[in-house]
Amino acid sequence: MSFLTGTHRFLDPKCNEILDQFYECIEKKSRALGACDGILAKLYRCKQEDLEAHRKMNKVDTARKKRELAIAHDPIIQKKLEILKRLQDKQKEQAASSSSTS
């Protein structure tokens, strides 16, 4: 079973350690009934936490992508961004010219 170690990795390194312990337990106990239940219970809790962490990451990522898409398709926002960029460029030019004349 050692070939399974590393086939799935969790976000939390602590969970990866528990996963490795579980595989090691199975190898040593030759699948003795109930011998690795405690580790399996820890692994289940890690899996639940990992799924929740993935859901949160996906939710944040989806919200960010929706926002970017809305901005990209809104002509008013695009015009405002264009004006803002021109103002920033103008401020940079003024700062550069005032520092070179000093």
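Cut-offs and rules
Residues numbered from 1 in each chain as written. Predicted model: local features only at pLDDT ≥ 70, side-chain atom pairs only at ≥ 80, totals over all residues. Heavy atoms only, no water. Helix = DSSP H or I, 4+ residues; strand = E, 2+ residues; numbered from the N terminus. Buried < 20%, exposed > 50% of the residue type's maximum accessible area, 1.4 Å probe, protein only. Contact = heavy atoms within 4.5 Å. Areas by Shrake-Rupley, 256 points an atom, 1.4 Å probe, with all protein chains shown as cover. Salt bridge = Lys/Arg side-chain N within 4 Å of Asp/Glu carboxyl O. Disulfide = S-S within 2.5 Å. pLDDT = per-residue confidence, 0-100. Axes fitted to C-alpha atoms, helices over the stretch in contact; angles between N-to-C directions. Parallel < 35°, antiparallel > 145°, perpendicular 65-115°, else oblique. Left-handed = near helix turned anticlockwise from the far one by under 90°. Nonpolar A, V, L, I, M, F, W, Y, C, P; charged D, E, K, R; others polar.

**Thoughts on the overall build of the protein chain**
Next, step 1: Within the protein chain one finds 3 helices and 0 strands.
Next, step 2: Reading the secondary structure of the protein chain in the N-to-C direction produces α-α-α.
Next, step 3: Counting the 102 residues in the protein chain, one finds 14% classified as buried.
Next, step 4: A separation threshold of at least 6 residues defines the contact pool for the protein chain, and within that pool the share at least 24 residues apart is 41%.
Next, step 5: Of the accessible surface of the protein chain, which amounts to about 8,300 Å², a share of 58% is contributed by carbon and sulfur atoms.

**What to know about the pattern of salt bridges**
Should the charged atoms of two oppositely charged side chains come close, the side chains can pair.
Next, step 1: Going through the model one piece at a time under the given rule, you end up with 8 salt bridges.
Next, step 2: Across the salt bridge formed by arginine 64 and aspartate 61, the nearest N and O atoms sit 2.4 Å from each other. With arginine 64 and aspartate 61 both in helix H2 (residues 37–73), this residue pair falls 3 residues apart, about one helical turn.
Next, step 3: Classification of arginine 64 as partly exposed rests on a relative accessible area of 40%.
Next, step 4: Its salt-bridge partner being aspartate 89, residue lysine 85 comes within 3.6 Å of it at the nearest N-O pair.

**A few points about the state of the cysteines**
Next, step 1: Following the criterion strictly, the structure yields 2 disulfides and no others.
Next, step 2: Paired by a disulfide, cysteine 25 and cysteine 36 hold their sulfur atoms 1.9 Å apart. In this structure, the disulfide formed by cysteine 25 and cysteine 36 twists by about -95° around the S-S bond and is classed as left-handed. Of the two residues, cysteine 25 is situated in helix H1 (residues 13–29) and cysteine 36 in the loop between H1 and H2; the sequence distance between them amounts to 11 residues.
Next, step 3: Regarding the disulfides, the protein chain carries the connectivity 1-4, 2-3 under sequence-order numbering of its bonded cysteines.

**Considering the confidence of the model for the protein chain**
Next, step 1: Per-chain confidence: the protein chain averages 84 in pLDDT, with 86% of residues scoring 70 or above.
Next, step 2: Taking the mean pLDDT of every element in the protein chain, the minimum, 85, falls on H1 and the maximum, 91, on H2.
Next, step 3: Considering only residues more than four positions removed or in separate chains, one finds that residues 1–6, a stretch of pLDDT under 50, has 9 contacts.

**Here we look at the packing of H1 against H2**
Next, step 1: With their axes 9 Å apart at the nearest point, H1 and H2 run at an angle of 150° to one another. When the axis of H1 is compared with that of H2, the two are roughly antiparallel. As for the relative orientation of H1 and H2, their crossing is left-handed in sense. Across the interface between the two elements, Cys15, Ile18, Leu19, Gln21, Phe22 and Cys25 of H1 pack against Ile39, Leu40, Lys42, Leu43 and Cys46 of H2.
Next, step 2: Counted by class, the contact of H1 with H2 contains 9 nonpolar, 1 polar and 1 charged residues.

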